[in-house]
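For reference, the chains in residue letters:
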Amino acid sequence: MKTARTIARALALIAGLGFATLACAAPKDAGDFGPPRGPVIRAVLTSPPQVPPPTGRNYPAKVIVELEVIEKEMEISEGVKYMFWTFGGTTPGSFIRVRQGDTVEFHLKNHPGSKMPHNIDLHGVTGPGGGAASSFTAPGHESQFTFKALNEGIYVYHCATAPVGMHVANGMYGLILVEPPQGLPKVDHEYYVMQGDFYTTGKYREKGTQPFDMEKAIAEQPTYVLFNGAEGALTGDKAMLAKVGEKVRIFVGNGGPNLVSSFHVIGAIFDQVRYEGGTNVQKNVQTTLIPAGGAAVVTFTAKVPGSYVLVDHSIFRAFNKGALAILKIEGPENKAIYSGKELDSVYLGDRAGTNMAAVSRATQSAVAGNLTQEEQVKAGQALFAGTCSVCHQANGAGLPGVFPPLAKSDYLAADLKRAMSVVLHGLTGAVTVNGQPYNSVMPPMNQLNDDEVANILTYVMNSWGNPGGTVSKEDVRKVRATPPAPAKSATGH
Ligand SMILES: [Cu+2]
């Protein structure tokens, strides 16, 4: 019975494939931006350093991608734990492989255990926010949008939810390959390596669970610079492997959030680099520059056995911040080539569309000492959009059980100083707002200056039936200088 069913299924599959091949006898390299053809395909996603197999198609199809956001604690260095925010459970996130012309139906799921909303901006998408505008997803929800992969290349994707830098710094980035119509030339090994910079309150290799440090991130002073999200992710028995004579292709991305990578393999010369992930090929390259939010494809042939070290050639990062990976090449010596020992990396988000004129007008009036409440409200409205609205929603209503309301919030009305503190220092743990319990995390919004916080809260207090009043930047300055008791702070200081 079972065998018969399996055979029947196999036959159906073969028939399907045959049909696809016949129906799609388009010229090989024409690309095809018409409607998708053949059966619907579920994309194979892989964890780093693995790369999904070639699509093997010479026609555009409809491809379904399902990616789940999972927030989870993982080891960033030996004995050092960090709360990563991931696409697919790993940093970098799952590798996605499609073909130029494909119609991609993208599903972004946010695990119910998540504390934060997330979205995705894929650099390979043509459309507002690269998908970010359509994929904002609260914990326990799923979003869907569809795009056509118009341009071939290797593209970074990343979370673009405010504060964007924090989501990226927590590991929310990965790569999507859009294969050219004719596919990529055959190689023996394909690997997925992605650099990122990380900011912990503790020092490099300081043991224990390390919280994210917003101040170090703003100062662009990382504690760790890493390939594939952890020190040792690609060393020892996790090293990448190849044999003498084999061709190796590495898709190298840089998630940032801040640093540019000077990517180099010690003792190897890249035969070819598709720099900036584009179509041009540069040959015979020693070190290739990979911008934050950029990627490249490097290929070379393994010629001499040994352990080859991948580094960011801004070399302190390699030896003092973790930016090292190993490619182990096995096989016979080639003394003619090498004798042996003669001696042994300002996203604007939805603020981009907002008119910020009200903000600068309010700032100028504040300096001149004649700032009106109306000016504060207008400036605060512009700032609220794209900062607070991401979670508390544009109408201040929040999301039931996830983000408390700011509209008619008794918690807010009861204590304005406390509200300033929430914005500046964040809020974690159980709170009750209008009789409803919330137990989540609001990250500190201390990237906002005193002026901005004063204007936002003045706007909030004068909107949606809230009791009114004004907040001055002096009020904010005082509260900024007095952080609450340690347990209340999301940054741990
Ligand atoms: Cu995110």
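Rules used throughout
- Residues numbered from 1 in each chain as written.
- Predicted model: local features only at pLDDT ≥ 70, side-chain atom pairs only at ≥ 80, totals over all residues.
- Heavy atoms only, no water.
- Helix = DSSP H or I, 4+ residues; strand = E, 2+ residues; numbered from the N terminus.
- Buried < 20%, exposed > 50% of the residue type's maximum accessible area, 1.4 Å probe, protein only.
- Areas by Shrake-Rupley, 256 points an atom, 1.4 Å probe, with all protein chains shown as cover.
- Pairing = 2+ DSSP bridges.
- Axes fitted to C-alpha atoms, helices over the stretch in contact; angles between N-to-C directions.
- Donors = N, O, S within 2.8 Å, 3.2 Å for Na, K, Ca; no water.
- Tetrahedral: all angles 85-135°; square planar, octahedral: opposite > 155°, others 65-115°.
- Phe/Tyr/Trp six-rings, centres within 6.5 Å; stacked < 30°, edge-to-face > 60°.
- Lys NZ or Arg CZ within 6 Å of the ring centre and 35° of its normal.
- UniProt positions renumbered as here; feature names shortened; annotations may be inferred.
- Contact = heavy atoms within 4.5 Å.
- Salt bridge = Lys/Arg side-chain N within 4 Å of Asp/Glu carboxyl O.
- Expected span 1.5 Å × (residues − 1).
- Polar contact = N/O pair within 3.5 Å; in protein donor to acceptor, adjacent residues only side chain to side chain.
- Parallel < 35°, antiparallel > 145°, perpendicular 65-115°, else oblique.
- Left-handed = near helix turned anticlockwise from the far one by under 90°.
- Nonpolar A, V, L, I, M, F, W, Y, C, P; charged D, E, K, R; others polar.

### Quick notes on the overall build of the chain
Moving on, step 1. On a plain count of helices and strands, the chain comes out with eleven helices and 23 strands.
Moving on, step 2. A buried classification covers 50% of the 493 residues belonging to the chain.
Moving on, step 3. Accessible surface computed for the chain: about 22,600 Å², of which carbon and sulfur atoms make up 56%.

### Remarks on the sheet that holds strand S20 (residues 306-312)
Moving on, step 1. The five strands lie next to each other as S13-S21-S20-S15-S18, forming an open sheet whose pairing is mixed. What marks the edges here is a single partner per strand, and that holds for strand S13 (240-243) and strand S18 (287-290). Averaged over neighbouring strand pairs, the angle between their axes works out to 25° when direction is ignored.
Moving on, step 2. The pairing of strand S15 (residues 261-266) with S20 spans four bridges and is classified as antiparallel. Across the sheet, Phe 263 pairs through a bridge with Asp 312, a residue of S20.

### Quick look at the coordination of the copper ion
Moving on, step 1. Protein coordination at the copper ion comes from His 118 (ND1), Cys 159 (SG), His 167 (ND1) and Met 172 (SD), with a distance range of 2.0 to 2.5 Å.
Moving on, step 2. Considering all four donor atoms around the copper ion, the spread of angles at the metal, 87 to 138°, places the coordination shape in the irregular class.
Moving on, step 3. Ordering the donors of the copper ion by residue number gives the pattern H-x40-C-x7-H-x4-M. Of this pair, His 118 sits in the loop between strand S5 (103-110) and strand S6 (121-122) while Met 172 sits in the loop between helix H2 (164-169) and strand S9 (173-179), and the two are 54 residues apart along the sequence.

### Observations concerning the packing of aromatic side chains
Moving on, step 1. This structure, assessed with the given rule, holds 15 aromatic pairs.
Moving on, step 2. Taking 5.3 Å as the distance between ring centres and 80° as the angle between the ring planes, the aromatic pair formed by Phe 87 and Tyr 157 counts as edge-to-face. Of this pair, Phe 87 sits in strand S3 (residues 80-87) while Tyr 157 sits in strand S8 (residues 153-158), and the two are 70 residues apart along the sequence. The exposure classification of Phe 87 matches that of Tyr 157, with both residues buried.
Moving on, step 3. Relative to Phe 263, the ring of Phe 227 has its centre 6.0 Å away and its plane inclined at 90°; by these criteria the two rings are edge-to-face. Remark: Phe 263 occurs in strand S15 and Phe 227 occurs in strand S12 (residues 224-227); sequence separation between them is 36 residues.
Moving on, step 4. Its relative accessible area of 2% is what places Phe 227 among the buried residues.
Moving on, step 5. Site record: aromatic cluster; members linked through ring pairs are Phe 227, Phe 263, Phe 270 and Phe 300.
Moving on, step 6. Positioned over the ring face of Tyr 59 is Arg 57, at 5.9 Å from the centre of the ring.
Moving on, step 7. The cationic tip of Arg 418 hangs over the ring face of Tyr 411; the distance from NZ or CZ to the ring centre is 3.6 Å.

### Digging into the UniProt feature "binding site: Cu cation" (unreviewed entry) in the chain
Moving on, step 1. As recorded in UniProt, the feature "binding site: Cu cation" (unreviewed entry) lies at His 118, His 123, His 158, Cys 159, His 167, Met 172 and His 313.
Moving on, step 2. Aside from chain neighbours lying at most four places away, what touches Met 172 is Val 69, Trp 85, Thr 86, Phe 87, His 118, Tyr 157, His 158, Cys 159 and His 167.
Moving on, step 3. Among the structural elements, His 313 can be located in the loop between S20 and helix H4 (316-320).
Moving on, step 4. The partly exposed category is assigned to His 313, whose relative accessible area is 40%.
Moving on, step 5. What His 313 contacts, discounting residues up to four positions off in sequence, is Ser 262 and His 264.

### With respect to the pairing of S8
Moving on, step 1. Along S8, six of the six residues are buried, which leaves the element largely enclosed by surrounding structure.
Moving on, step 2. Burial along S8 is two-sided: Gly 153, Tyr 155 and Tyr 157 and Ile 154, Val 156 and His 158, pointing in opposite directions, are all buried.
Moving on, step 3. Pairing between S8 and S9: six bridges, direction antiparallel. When the sheet's bridge partners are listed, His 158 is paired in S9 with Tyr 173.

### Some details on the pattern of salt bridges
Moving on, step 1. The final tally for this structure, using the stated rule, is twelve salt bridges.
Moving on, step 2. The residue Glu 179 makes a salt bridge to Arg 97 at a minimum N-O spacing of 2.7 Å. On the criterion of sequence distance, the pair formed by Glu 179 in strand S9 and Arg 97 in strand S4 (residues 96-99) is long-range, its members being 82 residues apart.
Moving on, step 3. Across the pair Arg 249 and Glu 190 runs a salt bridge whose closest N-O atoms are separated by 2.6 Å. Of the two residues, Arg 249 is situated in strand S14 (residues 247-256) and Glu 190 in strand S10 (residues 189-198); the sequence distance between them amounts to 59 residues. Residues Arg 249 and Glu 190 agree in their burial class; the two are buried.

### What to know about helix H10 (residues 450-461)
Moving on, step 1. For H10, built from twelve residues, the straight-helix expectation of 16 Å at 1.5 Å per residue is met to within 8% by its first-to-last C-alpha distance of 16 Å.
Moving on, step 2. When you tally the buried positions in H10, you get twelve out of twelve residues, the bulk of the element.
Moving on, step 3. Residues of H10 that are buried: Asp 450, Asp 451, Glu 452, Val 453, Ala 454, Asn 455, Ile 456, Leu 457, Thr 458, Tyr 459, Val 460 and Met 461.
Moving on, step 4. Where the residues of H10 are buried, they touch helix H5 (357-368), helix H6 (373-384), helix H8 (410-414), helix H9 (416-425) and helix H11 (473-481).
Moving on, step 5. Capping the start of H10 is the job of one residue whose side-chain oxygen sits 3.2 Å from the backbone nitrogen of Asp 451: Asn 449.

### Let's talk about the packing of H9 against H10
Moving on, step 1. Packing of H9 against H10 leaves a shortest axis separation of 11 Å and a crossing angle of 125°. Judged on the interaxial angle alone, H10 and H9 are oblique. With respect to the hand of their crossing, H9 and H10 are arranged in right-handed fashion. Every residue of H10 that contacts H9 at Leu 416, Ala 419, Met 420, Val 423 and Leu 424 is listed here: Val 453, Leu 457 and Met 461.
Moving on, step 2. Partitioned by chemical class, the residues of the contact of H9 with H10 number eight nonpolar, no polar and no charged.

### Describing the environment of Gly 130
Moving on, step 1. Relative to the helices and strands, Gly 130 is located in the loop between S6 and strand S7 (142-148).
Moving on, step 2. Looking at Gly 130, the relative accessible area reads 7%, which means it is buried.
Moving on, step 3. Along the primary structure Gly 130 and Tyr 157 are separated by 27 residues, whereas in three dimensions their C-alpha atoms are 8.7 Å apart.
Moving on, step 4. Dropping the residues within four chain positions of it, Gly 130 is found in contact with Ile 120, Asp 121, Leu 122 and Val 125.

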